[in-house]
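Structure at a glance
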Amino acid sequence: APNADAKERRPAFSVAPLSRSARARLKAGGFWRRGCPVPLSGLRMLNVTYRGFDGQPHSGELVVNSRAAPPLKRVFRRLYRIRFPIRHIGFAKFYGPRSARPREGDVTASFECRESVPSPCTGGTRSGRWSMHAYGLAVDINPTENPYIGCGQSRDPATKPYRDRSRHRRGMTGPRVVAAFASIGWSWGGAWTGNTKDYMHFSATGR
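None of the values given here were measured: they were computed from a predicted structure.

The rules behind the values
- Residues numbered from 1 in each chain as written.
- Predicted model: local features only at pLDDT ≥ 70, side-chain atom pairs only at ≥ 80, totals over all residues.
- Heavy atoms only, no water.
- Helix = DSSP H or I, 4+ residues; strand = E, 2+ residues; numbered from the N terminus.
- Rg over C-alpha atoms; globule rule 2.2 N^0.38 Å.
- Core = buried A, V, L, I, M, F, W, Y, C linked by side-chain atoms within 4.5 Å.
- Buried < 20%, exposed > 50% of the residue type's maximum accessible area, 1.4 Å probe, protein only.
- Contact = heavy atoms within 4.5 Å.
- Polar contact = N/O pair within 3.5 Å; in protein donor to acceptor, adjacent residues only side chain to side chain.

**With respect to the overall build of the protein chain**
For the protein chain, the count of helices and strands is five helices and eight strands. In sequence order, the protein chain lays out its α and β elements as α-β-α-β-β-α-α-β-β-α-β-β-β. Over its C-alpha trace the protein chain gives a radius of gyration of 17 Å, about what one expects of a compact globule, namely 17 Å for 207 residues. Taken along its principal axes, the extent of the C-alpha atoms in the protein chain is 55 × 45 × 35 Å.

So this is what it looks like as structure tokens:
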């Protein structure tokens, strides 16, 4: 029935505690371990409807900090409303076994207990400090279309068509996406000063 179809397509946004199976998966995949700066009890599952690159609504989940979950719910509702396309969002797509993850790896996600990644300007792989992702207080949006660039270089060859930010392509962050995150006080890595820009990265602290 037409009404049932309309109801099915209505966007949905909700927050829930992590299930036992989700906690187990984060541990098994090495995404959380003892010593991480936020306990599993401090994380939440944010369920969102997002507009895919096919223009259709899709459902997905992000693991985020408990205090960031309600504001981020508002952000993703706004991104849906402005029809900003997102390639993939999903618990299994980011945290699942490799066979469950999209081959191109272009997944929008938040929590991952890891150090921040040094600029592509440098040859190092470790920074010695926690990333804001380790707190669930950062979101990376469409990482292929919005690369982490240092001195004009990126670690991912697939991002090459998107390094020239003067030519806007579908899925690239722009003023309306930046404004959506700014509405909750989050800052954009594409606005960093200097030769290093992280165009995918939004965080509560700007780091």
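**Things to note about the nonpolar core**
If you look at the biggest cluster of nonpolar residues, it comprises 30 residues, and the most contacted ones within it are L72, F76, L79, F181 and W186. Listing elements by their share of this core, those giving two or more residues are β2 (43-51), β3 (57-65), α3 (69-81), β4 (138-140) and α5 (175-182). In this structure, F76 is in contact with F13, L46, V48, T49, L62, I86, I89, T108, V139 and I141, ignoring residues within four places of it in sequence. Membership of the second largest hydrophobic core comes to 18 residues, among which are L18, M45, F91 and A109.

**A closer look at the side chain of T49**
Relative to the elements of secondary structure, T49 occurs in strand β2. For T49, a relative accessible area of 6% corresponds to the buried category. In terms of polar contacts, T49 uses its side chain to reach the backbone amide nitrogen of A12, at 2.8 Å.

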